[in-house]
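# Summary of the model geometry
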There are 2 protein chains.
Amino acid sequence: MNAQEAYEKLAARSKELTHLGSAVAVLGWDQRTQIPYKGHHTRAQVLATMAGIAHSKATDPAIGEWLSALDGSEFTKDSVSIEAVNYREWKRSFKRAVKIPHELAVELARATAEGQSVWERARPGNDWSTFAPYLEHIVSLKREEAEALGYENEPYDTLLDAYERAETASNLEPIFRKLNEALVKLLDRVAGSSRKPDPSLKRGNFPVQLQERFALDVARQLGYDLEAGRLDISAHPFTTGIGPGDVRITTRYDENYFNESFFAVIHETGHALYHQGLPLEHWGTPFCRPISLGVNESQSRMWENLVARSKEFWSHFYPEAQNRFQALSNVSLDDFYFSVNEVEPSLIRVEADEVTYNLHILLRFELEVLLLRKDLEVLDLPDAWNTKTKAYLKLMPPDYASGVMQDVHWSSGSIGYFPTYTLGNLYASQFFAQANKDLGNVTEQIRHGEFAPLLGWLREKIHSQGTRYLPRDLVRTVTGNDLDPTYFINYLEQKYSELYKI
Amino acid sequence: MNAQEAYEKLAARSKELTHLGSAVAVLGWDQRTQIPYKGHHTRAQVLATMAGIAHSKATDPAIGEWLSALDGSEFTKDSVSIEAVNYREWKRSFKRAVKIPHELAVELARATAEGQSVWERARPGNDWSTFAPYLEHIVSLKREEAEALGYENEPYDTLLDAYERAETASNLEPIFRKLNEALVKLLDRVAGSSRKPDPSLKRGNFPVQLQERFALDVARQLGYDLEAGRLDISAHPFTTGIGPGDVRITTRYDENYFNESFFAVIHETGHALYHQGLPLEHWGTPFCRPISLGVNESQSRMWENLVARSKEFWSHFYPEAQNRFQALSNVSLDDFYFSVNEVEPSLIRVEADEVTYNLHILLRFELEVLLLRKDLEVLDLPDAWNTKTKAYLKLMPPDYASGVMQDVHWSSGSIGYFPTYTLGNLYASQFFAQANKDLGNVTEQIRHGEFAPLLGWLREKIHSQGTRYLPRDLVRTVTGNDLDPTYFINYLEQKYSELYKI
């Protein structure tokens, strides 16, 4: 078989697997947003079967032969050509897939589909004892998966690598350390400030329908194509890229609190913009995918924080927000801006401000590493969680729901996922600084409601590049520099020094 | 391989195919109710891939070997044991599947997914010229399918057999003829009556939310478990059995007309009750399936017409309906009952009354037979449609939307499906007559809002029997008689003679 034929065979198989992935994405979206209460057991079985089919197709020995026919061929010469990128990704996926026993692949799919549903039901009732055995089972499967995949230093690394290519715990530690030091200092300075936003802004009346309409109108203005997307409600906001023409987001509402849903929608819109900007003509091959969760998160965090929590953004949108929400009619722009940027250690990660957010991640990252090392067991997780919360945030969760059970991730088997949130924050600041250089004054454009230049820049530099560059290479290619937490630290220090007059 | 092992292999494969079917059901439901406008093309590709995977798994030569190992074994002895029924169904499915070329299976899935979406968009704009080429392609694929499957007399028969086992066009013709004669006579007598329901009842104000709540409350009282189901909006109402714990229905609303959505919901509830009453512990094997569309339709039509269009039903529910809908407050029960049973030839099948309904089916059945014989081409369909509408209903469709484009079926490749509606009406009356015999006075129970006896009887005699009996055998087993249209004709004559005082 010549290289061209092998490439076409691989592309056809890749398309089939992508289509299966699209079907699984719909099943997953449905399970988080629409499924009737009693349908979860059936769905878990179906997802397990789908995972089994995908695993068989992904580990077909023919793939090994096709890859061999490509080794050293012209396709692999230019490392950033579309063909070479696809080859690189196919090879990696195959190598990983064949290491996973078939039964493990199937059971992981089943157990995590079930786990998420159990979590959804157990969390509101604070029911750790129901949830814990499911989580124990999932953690043991993930440990098994890590052993099967193999690793150099940490079993955690191979799980992390699934979400953030080429990242390792030991690579992350110095970054997290530097960041942590800076954040704790900044947090102390903020705590010393006498300024505080008006607390009444946290309890207004924001009818859910109006919230939805406003958030969607803003999302549309940022560039989210809603003829190719939709917004639903789920226990934990998420974005799912089902395929070209179909990228969906979710949120959750608090009728008395504007920030929760609005910033969740903008966050997910950031993800959706990335998915909608991928090189869709290559859909079905790995080239047409977000390169990593960290880069994906850089898009959501950029739109959520650097754009939508900026003064300029609200200079543009606040008059309309005041038109729509009675509760804002007597609140000044300055007060509102301050209130959406209040720094205050709190228990819930997804509601955390920009300064404390990464402390939530650090806590989870450290616990995950310990879990994978078997230096921590699920039954001891709640205590470990509370101890670290006390240490980093000086708070004590009053219950499981606002402590160890707050996130969906572990119930869905997504261990190694959390660090990508912090990486996303770092990438976002570094990218944004570069966009400012390249485009002139982006914040000024935002003040005028002009989001097309920034989106166009992201489309060109990041979205349309698909998986061409691994994350750290992408940062270097786009910004000319290595990943550097200083961008993020500087951004926070400047913003919050001004806000808290410190 | 011994028979036991072969049976287990077949059961495992069957489960896998059932799970794939469940995934496809979710994808289809999503496409009819949720998908964003631009997502249809992607979805059609995904469904094609899923069909390809299912076809490969269903035509695996190993299945032939497993079936051979079962031939003549103890499993096939008692023809109505669960094992023998599964064997019968596996054999039949395999025999049919291997006759369909792989490319045809894939293209049918793709083209019909696309066809439905094109129909959905073209119908409101009356856009036949956009839709026609898609329909032509689908009809040519269905002709190809019929040739591949083979047939004795009519190419139509093998397509019909996919929906209604062991039925043929020539079997149906005498039944349709007898029915048609009786209906035309009854229709003439009705036309001669001077009685007419108050026409103002067709234009009231029925807020959509109240309609939804009322219909769901009634559906729940009939026995639909809504923790294992849900109700959504679609262009054409349907029911989909995704699996145990997940049976969904849809409807569409007219804010000024109560009947359209209410009776659609009750109709679909009839289907849903059947699905929820299947022998779910056998899910994954063919035993746990509706035996045919005709039997399925007997359930929907029984609940919709024999139950929910009865005087007794409204004796029970009308006070509550009057409480909920201002528009009904000054309408007497008798007037309301008459208005939901008005006989009036009209253009739209799904809104047709019980007397004219089957004329709509006859028209479609005759056109389908001609299409499959190639005695009629898609481009000539609108004229043929109008000519037959004129002949049977004495009406002329003013446009395509209320004529040849009104139904979703052909766009989804469901040719051979329509006759099952009439069969459903016939089965329903015959079953209902038997239920009355077995249970005493069912209509009296309905007057007291007691639906559990009827549902229990259906569960025992029909739902829980899965595919044990082929449709006509089921009729014989349940009622002790062959299928006989007299039950239905008698029911109509009695009901409408009384109503129209003829």
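About the cut-offs
Residues numbered from 1 in each chain as written. Chains lettered and ligands numbered in written order. Predicted model: local features only at pLDDT ≥ 70, side-chain atom pairs only at ≥ 80, totals over all residues. Heavy atoms only, no water. Least-squares fit on C-alpha atoms with pLDDT ≥ 70 in both. Contact = heavy atoms within 4.5 Å. Buried area = accessible area lost by both parts, 1.4 Å probe. Salt bridge = Lys/Arg side-chain N within 4 Å of Asp/Glu carboxyl O. Helix = DSSP H or I, 4+ residues; strand = E, 2+ residues; numbered from the N terminus. UniProt positions renumbered as here; feature names shortened; annotations may be inferred. Core = buried A, V, L, I, M, F, W, Y, C linked by side-chain atoms within 4.5 Å. Buried < 20%, exposed > 50% of the residue type's maximum accessible area, 1.4 Å probe, protein only. Pairing = 2+ DSSP bridges. Phe/Tyr/Trp six-rings, centres within 6.5 Å; stacked < 30°, edge-to-face > 60°. Lys NZ or Arg CZ within 6 Å of the ring centre and 35° of its normal. Axes fitted to C-alpha atoms, helices over the stretch in contact; angles between N-to-C directions. Parallel < 35°, antiparallel > 145°, perpendicular 65-115°, else oblique. Left-handed = near helix turned anticlockwise from the far one by under 90°.

### What to know about the relation of the copies chain A and chain B
When chain A is fitted to chain B, the best match, at an RMSD of 0.0 Å, comes from turning it 180 degrees and sliding it 0.0 Å along the axis. Expressed as an axis order, the relation between the two copies is that of a two-fold axis. Mapped onto chain B, 100% of the interface residues of chain A are again interface residues, and the two copies thus contact each other with one and the same surface.

### Looking at the interface of chain A and chain B
Tallying the contact residues gives 36 residues for chain A and 37 residues for chain B. Here chain A meets chain B over a buried area of about 2900 Å², counting both sides, of which 59% is carbon and sulfur. The interface formed by chain A and chain B contains eight salt bridges. Lys38 of chain B is the salt-bridge partner of Glu227 of chain A, the closest N and O atoms lying 3.9 Å from each other. Secondary-structure elements contributing two or more residues to the side of chain A that touches chain B are helix 1 (3–33), helix 2 (40–58), strand 2 (239–243) and strand 3 (246–251) of chain A. Residue contributions to the side of chain A that touches chain B peak at 10 residues, all from helix 1 of chain A.

### Some words on the UniProt feature "active site" (unreviewed entry) in chain A
Residue and element names in this part refer to chain A. As annotated in UniProt, the feature "active site" (unreviewed entry) corresponds to Glu268 in the numbering used here. Summarising the element assignment, Glu268 is placed in helix 10 (residues 258–276). Beyond its immediate sequence surroundings of up to four residues, Glu268 is in contact with Pro237, Phe238, Thr239, Ile249 and Thr250.

### Quick notes on the nonpolar core
If you look at the biggest cluster of nonpolar residues, it comprises 265 residues, and the most contacted ones within it are Phe313 and Trp314 of chain A together with Phe313 and Trp314 of chain B. Setting aside its immediate chain neighbours within four residues, Phe313 of chain B contacts Val218, Leu222, Phe262, Val307, Ala308, Ile446 and Phe451 of chain B.

### Focus on the pattern of salt bridges
Any two side chains of opposite charge can pair, so long as their charged atoms come close to each other. All names here are of chain A. Taken as a whole and judged by the stated rule, the model has 77 salt bridges over all chains. We note a salt bridge from Asp334 to Lys311, for which the minimum N-O separation is 2.8 Å. Of this pair, Asp334 sits in helix 13 (residues 333–339) while Lys311 sits in helix 12 (residues 311–324); the two residues are 23 residues apart in sequence, bridging distant segments of the chain. According to the relative accessible area criterion, Asp334 is partly exposed, its value standing at 46%. Classification of Lys311 by relative accessible area gives partly exposed; the value is 28%. The salt bridge involving Arg476 is made with Asp482; its shortest N-O contact spans 2.2 Å.

### Some remarks on the pairing of strand 3 (residues 246–251) of chain B
Residues and elements named next belong to chain B. In terms of residue burial, strand 3 counts as a mostly covered element, since six of its six residues are buried. With burial as the criterion, each face of strand 3 is covered, one bearing Asp246, Arg248 and Thr250 and the other bearing Val247, Ile249 and Thr251. Relative to strand 3, strand 1 (residues 231–233) runs parallel, the two sharing three bridges. Across the sheet, Asp232 pairs through a bridge with Thr250, a residue of strand 3. Bridge analysis of strand 2 (residues 239–243) against strand 3 gives four bridges, and the strand direction is antiparallel. Residue pairing across strands places Gly243 opposite Asp246, the latter belonging to strand 3.

### Overview of the packing of aromatic side chains
Evaluated as defined, the whole model comprises 69 aromatic pairs over all chains. Judged by centre distance (5.9 Å) and plane angle (90 degrees), the rings of Trp385 of chain A and Trp410 of chain A are edge-to-face. One end of the pair, Trp385 of chain A, is in helix 15 (residues 381–393); the other, Trp410 of chain A, is in the loop between helix 15 and helix 16 (419–439), with 25 residues separating them in the sequence. For the pair formed by Trp385 of chain A and Trp410 of chain A, the shared burial category is buried. Residue classification places Trp410 of chain A among the buried residues on the basis of a relative accessible area of 6%. Over the aromatic face of Tyr421 of chain A sits the side chain of Arg349 of chain A, whose NZ or CZ is 4.6 Å from the ring centroid. The residue whose ring lies beneath Arg121 of chain B is Tyr37 of chain B, and the NZ or CZ to ring-centre distance is 4.6 Å.

### Here's the deal with unusual backbone geometry
Residues and elements named next belong to chain B. One non-glycine residue, Asn126, lies in positive phi territory at about 60 degrees. You can see Asn126 is positioned in the loop between helix 5 (102–122) and helix 6 (128–149). Even without being glycine, Lys394 reaches a positive phi, approximately 60 degrees.

### Some points on the environment of Glu147 of chain A
You can see Glu147 of chain A is positioned in helix 6 (residues 128–149). Residues Glu147 of chain A and Lys99 of chain A, spaced 48 residues apart in sequence, show a C-alpha to C-alpha distance of 9.4 Å.

### Some words on the sheet that holds strand 2 of chain B
Residues and elements named next belong to chain B. Pairing is mixed across the open sheet formed by three strands, whose spatial order is 1-3-2. Two strands in the sheet have a free side with no partner beyond their single neighbour: strand 1 and strand 2. Averaged over all pairs of adjacent strands, the angle between their axes in this sheet comes to 30 degrees, without regard to strand direction. Across the sheet, helix 1 (residues 3–33) touches strand 1, strand 2 and strand 3, and the angle it forms with strand 2 is around 145 degrees.

### Side note on the packing of helix 9 (residues 208–222) of chain A against helix 12 of chain A
Residue and element names in this part refer to chain A. At a closest axis distance of 11 Å, the pairing of helix 9 and helix 12 adopts a crossing angle of 150 degrees. By the angle class used here, helix 9 and helix 12 are roughly antiparallel. The handedness of the crossing between helix 9 and helix 12 is right-handed. Side by side, helix 9 and helix 12 meet where Leu210, Arg213, Phe214, Asp217, Val218, Gln221 and Leu222 of the first sit next to Phe313, Trp314, His316, Phe317, Glu320, Ala321 and Arg324 of the second.

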